[in-house]
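Architecture and fold: a report
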Amino acid sequence: MAEVRISFLKQEIEKELKLDEGSSIVKLVDLLLEYAFLNRASDVHIDPESTKLAMRLRIDGVLRDAFVFPKELQPEIISRIKVLSGLRTDEHQMAQDGRFRATIVDVGYVDVRVSIVPTYDGENAILRLLSERTKIVAIEDLDLNEKDLFRLQKAIRRPYGMILATGPTGSGKTTTLYTVIRALNTKEVSILTIEDPIEYAIAGIDQIQVNTRTGLTFANGLRSILRQDPNIIMVGEIRDEETAGIAVNAALTGHLLLSTIHTNDAATAFPRLIDMKIEPFLITSTVNIVVGQRLVRRICPDCKIEMKITHTEFESLFSSLTLNVLKNNREFFKGKGCDQCNQSGYYGRLGIYEVLEIDDSIRDAIMQRKNASVIRSIAIKNGMTTMLEDGFKKAIEGKTTIEEILRVIHE
């Protein structure tokens, strides 16, 4: 049924693009949002060029071309999005952020987060679709292996300390924290968050939106939160020395604090905190666990087939990765492409993780200000599964492909 509806929407959009007198920008934008949602897009990119307006959809983490609009429609489409988001329609030289709710036929409401920025060829618009289908309701639904799941569950049962999620933008860090927050959300505890932006509203939790124009930064908001008698605090991101210092002190004084930090892997989180002027003894006293992660595309179940790599390919792979997990496995899987996955061979995404638990040997390395590679080596020696190893295990299990793991880890 979804394919039929998508085909119908495409025809309707193409009708609206003829620029005749019966065209409606209101209808066009509504059709575009429904088309993007049914195609499982997480983001809609409306990008101006010198002679046209391009629309692309980010599906399973990869941008794909969708439509090309006449340049004349650019101001009208952008204005319509501004009206929906409650933004200033007469402002064209300043970046603006907003959000609104779109109605999808037979689905209901979908929250849309909007970012509009002036470019050389005019204003662009990036729309993020936030729907129920992207939510994870239980920690067990994360793609953690049994050992890492146990470590995370043990860490969140502690009454104080820090749980950090690391990775680049779009690696699922916030989703992981929301999942942990939902597991901790009971009537016996007070949970407060400060975020930029608030991705999802969660009942029973007080969520605060950062607003730099009014002076409500992560640091100032965190100070205010500490006066609200919380048990658990979530800080959207530790991005500066002031926020890092307050977060560490909060974890030190009996609060469980969750946050994200931008590093390439779990081990690099510690030197990063030291760079933010956090003393090593404070880091070892507060950080319970660091979760490094990426998102990879999942093989489409409707066109999944087995594949066997050649001896040459195996030798090349083994020599460059030297992973014991490969052993002598030469049989993997891939998607050959079908209508369900739009001939891509992938449908949906899953996480690959490394969970670094703080133990005595890691504490000693941090106290000696050892670099990330030393800390990482100690963690692996102590049994940490790296993201690369976790990814290849999932490739062997037929959940994703070798190419996808290498693309995401080395991109």
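Definitions and limits used
- Residues numbered from 1 in each chain as written.
- Predicted model: local features only at pLDDT ≥ 70, side-chain atom pairs only at ≥ 80, totals over all residues.
- Heavy atoms only, no water.
- Phe/Tyr/Trp six-rings, centres within 6.5 Å; stacked < 30°, edge-to-face > 60°.
- Buried < 20%, exposed > 50% of the residue type's maximum accessible area, 1.4 Å probe, protein only.
- Lys NZ or Arg CZ within 6 Å of the ring centre and 35° of its normal.
- Helix = DSSP H or I, 4+ residues; strand = E, 2+ residues; numbered from the N terminus.
- Pairing = 2+ DSSP bridges.
- Axes fitted to C-alpha atoms, helices over the stretch in contact; angles between N-to-C directions.
- Contact = heavy atoms within 4.5 Å.
- UniProt positions renumbered as here; feature names shortened; annotations may be inferred.
- Parallel < 35°, antiparallel > 145°, perpendicular 65-115°, else oblique.
- Left-handed = near helix turned anticlockwise from the far one by under 90°.
- Nonpolar A, V, L, I, M, F, W, Y, C, P; charged D, E, K, R; others polar.
- Salt bridge = Lys/Arg side-chain N within 4 Å of Asp/Glu carboxyl O.

1. Some points on the packing of aromatic side chains
- The tally for this structure, following the rule as stated, stands at two aromatic pairs.
- Ring plane angle 15° and centroid distance 6.3 Å describe the contact between Phe 67 and Phe 69, whose orientation is recorded as stacked. As far as the burial class goes, Phe 67 and Phe 69 line up, both buried.
- Each residue in the set Tyr 35, Phe 67 and Phe 69 is aromatic and connected to the rest through ring pairs, giving one cluster.
- Note that Arg 40 overlies the ring of Tyr 347, its terminal NZ or CZ placed 3.7 Å from the centroid.
- The positively charged end of Arg 158 is found above the aromatic ring belonging to Tyr 160, 5.9 Å away from the centroid.

2. Here we look at the pairing of strand 1 (residues 41-48)
- Within strand 1, seven of the eight residues are buried, which leaves it mostly tucked inside the rest of the structure.
- Of the strand pairs in this sheet, strand 1 and strand 2 (residues 52-59) are connected by seven bridges, and their pairing is antiparallel. Bridging across to strand 2, Asp 43 finds its partner in Arg 58.
- Pairing analysis gives four bridges linking strand 1 to strand 6 (residues 122-130), with the strands arranged antiparallel.

3. Observations regarding the sheet that holds strand 11 (residues 256-261)
- Strand order in this open sheet of seven strands is 9-8-10-11-7-12-15, and the pairing throughout is mixed. Two strands lie at the open edges of the sheet, namely strand 9 (206-209) and strand 15 (346-357), each paired on one side alone. Across the sheet, the mean angle separating the axes of adjacent strands is 20° when strand polarity is ignored.
- As paired strands, strand 8 (residues 191-195) and strand 10 (residues 232-235) are joined by four bridges and run parallel to one another. Its bridge partner being in strand 10, Thr 193 is matched across the sheet by Met 234.
- Sitting on the sheet, helix 7 (residues 241-252) is in contact with strand 7 (161-166), strand 10 and strand 11, with an inclination near 135° to strand 7.

4. Some thoughts on the UniProt feature "domain: AAA+ ATPase" (unreviewed entry) in the chain
- UniProt's feature table lists "domain: AAA+ ATPase" (unreviewed entry) at residues 159-311, given in the numbering used throughout.
- In the segment residues 159-311, helix accounts for 31% and strand for 28%; the C-alpha atoms at its two ends are 52 Å apart.

5. With respect to the sheet that holds strand 1
- Pairing within the open sheet is antiparallel, and its six strands lie in the order 3-2-1-6-5-4. Each edge of the open sheet is held by one strand with a lone partner, namely strand 3 (62-70) and strand 4 (96-104). Across this sheet, the average inter-strand angle for adjacent strands is 20°, counted without regard to direction.
- Across eight bridges, the pairing between strand 2 and strand 3 is antiparallel.

6. Let's talk about the packing of helix 6 (residues 218-226) against helix 7
- Between helix 6 and helix 7, the shortest axis-to-axis distance is 8 Å and the interhelical angle comes to 20°. If you check the angle between helix 6 and helix 7, you find them roughly parallel. Seen along the crossing, helix 6 lies across helix 7 with a hand that is left-handed. Across from Phe 218, Ala 219, Leu 222, Arg 223 and Leu 226 in helix 6, the residues of helix 7 making contact are Glu 242, Thr 243, Ile 246, Ala 247 and Ala 250.
- The residue inventory of the contact of helix 6 with helix 7, partitioned by class, reads seven nonpolar, one polar and two charged.

7. Considering the pattern of salt bridges
- One pass over the full model with this rule turns up 29 salt bridges.
- With its nearest N and O atoms 2.9 Å apart, the salt bridge here joins Arg 40 to Asp 60. Of this pair, Arg 40 sits in the loop between helix 2 (25-38) and strand 1 while Asp 60 sits in the loop between strand 2 and strand 3; the two residues are 20 residues apart in sequence, bridging distant segments of the chain. In this pair, the class of Arg 40 matches that of Asp 60, namely buried.
- The salt bridge partner of Glu 404 is Arg 297, with a shortest N-O separation of 3.1 Å. Remark: Arg 297 occurs in strand 12 (residues 287-299) and Glu 404 occurs in helix 14 (residues 402-410); sequence separation between them is 107 residues. The pair Glu 404 / Arg 297 is uniform in exposure class, with both members buried.
- Three or more residues joined by partner-sharing salt bridges are found here, namely Glu 12, Lys 15, Glu 16 and Lys 27.

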